[in-house]
2 protein chains.
Amino acid sequence: MVTIQDVARAAGVSAMTVSHVINDHPHVKTETRARVLQAITDLDYRVNVAARNLRTGRTGTIGLAVPEVDRPYYGQLAAEIITAAARHNLKVAIEQTGASREGELDALALSRNRLYDGLILSTVGLGPADTDLLKVDYPMVILGERIFDGPVDHVAMPNVEGARAATAHLIERGCRRVVLIDGGPPGDEVDVSSLRYDGYREALAEAGIPLDPRLLVHIDGLTMEQGAAAARRVSESGVEFDGAFCVTDTVAMGALRGFADAGVRVPQDVKVIGFDNIAEGAYIVPSLSSIDPDHALMASTAVRFLVGRLAEKGKKRQVAREFISRFTVVARESTGG
Amino acid sequence: MVTIQDVARAAGVSAMTVSHVINDHPHVKTETRARVLQAITDLDYRVNVAARNLRTGRTGTIGLAVPEVDRPYYGQLAAEIITAAARHNLKVAIEQTGASREGELDALALSRNRLYDGLILSTVGLGPADTDLLKVDYPMVILGERIFDGPVDHVAMPNVEGARAATAHLIERGCRRVVLIDGGPPGDEVDVSSLRYDGYREALAEAGIPLDPRLLVHIDGLTMEQGAAAARRVSESGVEFDGAFCVTDTVAMGALRGFADAGVRVPQDVKVIGFDNIAEGAYIVPSLSSIDPDHALMASTAVRFLVGRLAEKGKKRQVAREFISRFTVVARESTGG
DNA sequence: TTGTAAGCGTTATCAC
DNA sequence: GTGATAACGCTTACAA
């Protein structure tokens, strides 16, 4: 392994001078710099990041903890974050939490191992009750649901507003009996499902449509499989409906399949809208209407918040910031174009 | 920051004893161990991975370089690899190469920074000409196309055989004029497209069907967008066809949209099959027939190869191994069920 | 069974 | 402009 000492010897300087060159410090004679760079090239020297990290406390890598990388939404989010982080010369290591509270706590603990300079945590399992656990001593940004009065920076989706707009969009298109396929009965957790359920309720109330509990379909996990099963179930239940708001696009893709299985036509018999605007939605048949929360903006904001924290170092810490993304309604074939 | 010294002081032992406890070394009195563990809990001590890494040369993290994490295929592959790596107590850091030769070379170089113990590189841009570049001095496994006589371990898909089976499946279902949507004219690179083109040709030859160049549709990138455009193009070209083999499922999903746009019905007018068996394929309408290369097996094999290399340390290096995965044809609605 | 000493490769500090 | 020294937190080798 080639070390900084080897380079120094080859260039006829001290290790410190090599270090100065590597780190772009001023006050190095142009000629010396050239000699050092030449030696670095000749020997194919690479800095040992671990050693640098030990000395500086920085790794140049941030952690990104998401429920599952194979769900399109998180894959697309991860890609955006990698892109945004690269602009700050940061690398991203992705952790999977398995969408569980335990997995998210693990991610919190792991980052204490100082492998990463900071952590972007996409929560689904942690709730307001876990506020204390978020008081970590390293830079962190929460990406996801709103945690009331959380002590950390927070980038959230416009969940309630987006869900209200999605439901209102269905109503505008003539739906009066809108099924909600979501992740379970509202509990005390502030999770995606209950927030989006709030939006759904608000939109119905605004339109003067009474909420019919038989139109609330709860599923166990936000997967295509569960979405498909839910759509089949409601189709065979005998309950009348003419619209469906699915809590995520992944669930909606499953629901489209479930309706097809049940012989229910989209959008003629039922209009369907999801939430997230994943890339696949524009290509499936029928293409999927959705709420687009501007992932790129969320990703770049999360990274910007984290970079801000990284820079705080000695200075006193700023108060926790919150950013709620904007959204647009994307009308496609599944709601009639 | 709590260090091993702090723990030692609190437990009334030396740092070495703490180290022994942390690393599960035997020869520590039960009572001493308990005292140390108590101190660790009390102080909320975490090992500094960078320091350990500097000393041991191990990080406990492997790198995974894939073209793009937001393509379903790679997302699902990454999830499998994370799962397989976790069984060996290894974490996975994901890099994006952007599907370019440069990006892949960057990934190769980055791992020299010793951030990772080893690298799983999913190649699409590197070819046999780059064999020399793969002679790196750290554990590496190539995941993807076959690189002739490569000097590294290699886990490959059954590209030619799978493509042949996919095409044969269309022929079995009655297709005689099978469109191939692939990534470009076969060059000297051994890439997915040219390998799968070989399989396509073989299947046609076996069935005694002459190859019609007008049925070869080349696209610029293996995306849904390109797939959709290709399907529209061939539909409007006036060329007759009754089947389509798309080089990946992502391209096939795009093609399904393109055919729908052009008023071509699947599977009545054209039967469509992809390659990769991504999860979405089972849910879209019509569901997508595909070649399943057993991702889980590929992922676990890649990790196993890498773990084997990690263990080599002092011993002499074994010869490079090669594993070609098996495959199955998954017949769904897009080829008539 | 526990502890001492040394060093992994780098950089902050400060002297020259 | 350049370099000597020490230190980051940990573990290997060996001593007690």
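For chain A, the name recorded in an unreviewed UniProt entry is LacI family transcriptional regulator, with Nonomuraea turkmeniaca as its organism.

Participant: Can you walk me through the packing of helix H5 (residues 72-86) of chain B against helix H11 (residues 295-312) of chain B in this structure?
Facilitator: Helix-helix packing is characterised by the crossing angle of the two axes and by the distance between the axes. Residues and elements named next belong to chain B. Between H5 and H11, the least distance of the axes is 8 Å, while the angle of their chain directions is 50°. In terms of their interaxial angle, H5 and H11 are classed as oblique. Of the two possible hands of crossing, H5 and H11 adopt the one that is right-handed. Between H5 and H11, the contacting residues are Tyr73, Glu80, Ile81, Ala84 and Ala85 on the first element and His295, Ala296, Ala299, Ser300 and Val303 on the second. In terms of residue class, the contact of H5 with H11 is built from seven nonpolar, two polar and one charged.

Participant: What is the right way to look at the relation of the copies chain A and chain B in this model?
Facilitator: Copy one and copy two of the chain differ by a rotation about a common axis and a shift along it. Superposition of chain A onto chain B requires a rotation of 180° combined with a translation of 0.0 Å along the rotation axis, giving an RMSD of 0.1 Å. Overall, the copies show the geometry of a two-fold rotation axis. When C-alpha distances to the rotation axis are compared across chain A, the minimum falls at Ala93(A), with a value of 2.1 Å. When the interface residues of chain A are mapped onto chain B, 100% of them again lie at the interface, so the same face is used by both copies.

Participant: Explain the protein's contact with DNA strand D here, please?
Facilitator: The environment of DNA strand D is made up of 24 residues, and the closest members are Met16(A), Thr17(A), Thr32(A), Ile4(B) and Tyr45(B). Each atom of DNA strand D within 4 Å of the protein was assigned to sugar, phosphate or base; sugar and phosphate come to 63%. Here a phosphate oxygen of DNA strand D and a backbone polar atom of Ser14(A) are 3.0 Å apart. Take Lys29(A): an N or O atom from its main chain is 2.8 Å from a phosphate oxygen of DNA strand D.

Participant: What should I look at first to understand the protein's contact with DNA strand C in this one?
Facilitator: Around DNA strand C there are 25 residues in total, and Ile4(A), Tyr45(A), Met16(B), Thr17(B) and Thr32(B) lie nearest to it. Within 4 Å of the protein, the contacting atoms of DNA strand C are drawn from sugar and phosphate to the extent of 62%. The side chain of Asn23(A) places a nitrogen or oxygen atom 3.3 Å from a phosphate oxygen of DNA strand C. The contact in question runs from a phosphate oxygen of DNA strand C to an N or O atom on the side chain of Tyr45(A), over 2.4 Å. Mapped onto the surface near DNA strand C, the elements with two or more residues apiece are helix H1 (4-11), helix H2 (15-22) and helix H4 (49-56) of chain A together with helix H2 (15-22) and helix H4 (49-56) of chain B. It is H4(A) that provides the largest number of residues to the surface near DNA strand C, a total of four residues.

Participant: When you look at the nonpolar core in this model, what are you seeing that I'm missing?
Facilitator: As a rule of thumb, nonpolar side chains are buried together in soluble globular proteins. Phe259(A) and Phe259(B) are the most contacted members of the largest nonpolar core, which has 150 residues in total. Setting aside residues up to four positions removed in sequence, Phe259(A) forms contacts with Ala231(A), Val234(A), Ser235(A), Phe241(A), Ala244(A), Val264(A), Val266(A), Val270(A) and Val272(A). Ranked by size, the runner-up nonpolar core spans 32 residues in total, among them Tyr45(A), Val7(B), Val36(B) and Leu115(B).

Participant: Mind showing me how you'd approach the interface of chain A and chain B here?
Facilitator: At the junction of the two partners, chain A supplies 49 residues and chain B supplies 49 residues. Three residues, Arg46(A), Arg257(A) and Tyr283(A), lead the burial of chain A against chain B; their summed loss comes to 17% of the area buried on that side. In this assembly, chain A and chain B are joined by four salt bridges. Notably, a salt bridge pairs Glu95(A) with Lys91(B), separated by 3.2 Å at the nearest N-O pair. Joining chain A to chain B, the criterion identifies eight residue pairs in polar contact (both at pLDDT 80 or more). If you list the elements that add at least two residues to the side of chain A that touches chain B, you get H4, helix H5 (72-86), strand S2 (91-96), helix H6 (101-111), helix H9 (224-236) and helix H10 (249-261) of chain A. Within the side of chain A that touches chain B, the residues separate by chemical class into 29 nonpolar, nine polar and 11 charged.

Participant: Quick question: what am I supposed to make of unusual backbone geometry here?
Facilitator: Residue and element names in this part refer to chain A. Along the chain, valine 266 connects to proline 267 via a cis peptide bond; the corresponding omega equals 5°. If you trace the backbone, proline 267 turns up in the loop between H10 and strand S9 (271-273). Here the phi dihedral of aspartate 24 falls at roughly 55°; this positive angle occurs in a residue that is not glycine. Structurally, aspartate 24 is set in the loop between H2 and helix H3 (30-43). A relative accessible area of 63% places aspartate 24 in the exposed class. The phi torsion at aspartate 294 lies on the positive side, around 55°, for a residue other than glycine. Relative to the assigned elements, aspartate 294 resides in the loop between strand S10 (290-292) and helix H11 (295-312).

About the criteria used
Residues numbered from 1 in each chain as written. Chains lettered and ligands numbered in written order. Predicted model: local features only at pLDDT ≥ 70, side-chain atom pairs only at ≥ 80, totals over all residues. Heavy atoms only, no water. Axes fitted to C-alpha atoms, helices over the stretch in contact; angles between N-to-C directions. Helix = DSSP H or I, 4+ residues; strand = E, 2+ residues; numbered from the N terminus. Parallel < 35°, antiparallel > 145°, perpendicular 65-115°, else oblique. Left-handed = near helix turned anticlockwise from the far one by under 90°. Contact = heavy atoms within 4.5 Å. Nonpolar A, V, L, I, M, F, W, Y, C, P; charged D, E, K, R; others polar. Least-squares fit on C-alpha atoms with pLDDT ≥ 70 in both. Near = heavy atom within 4 Å. Polar contact = N/O pair within 3.5 Å; in protein donor to acceptor, adjacent residues only side chain to side chain. Core = buried A, V, L, I, M, F, W, Y, C linked by side-chain atoms within 4.5 Å. Buried < 20%, exposed > 50% of the residue type's maximum accessible area, 1.4 Å probe, protein only. Buried area = accessible area lost by both parts, 1.4 Å probe. Salt bridge = Lys/Arg side-chain N within 4 Å of Asp/Glu carboxyl O.

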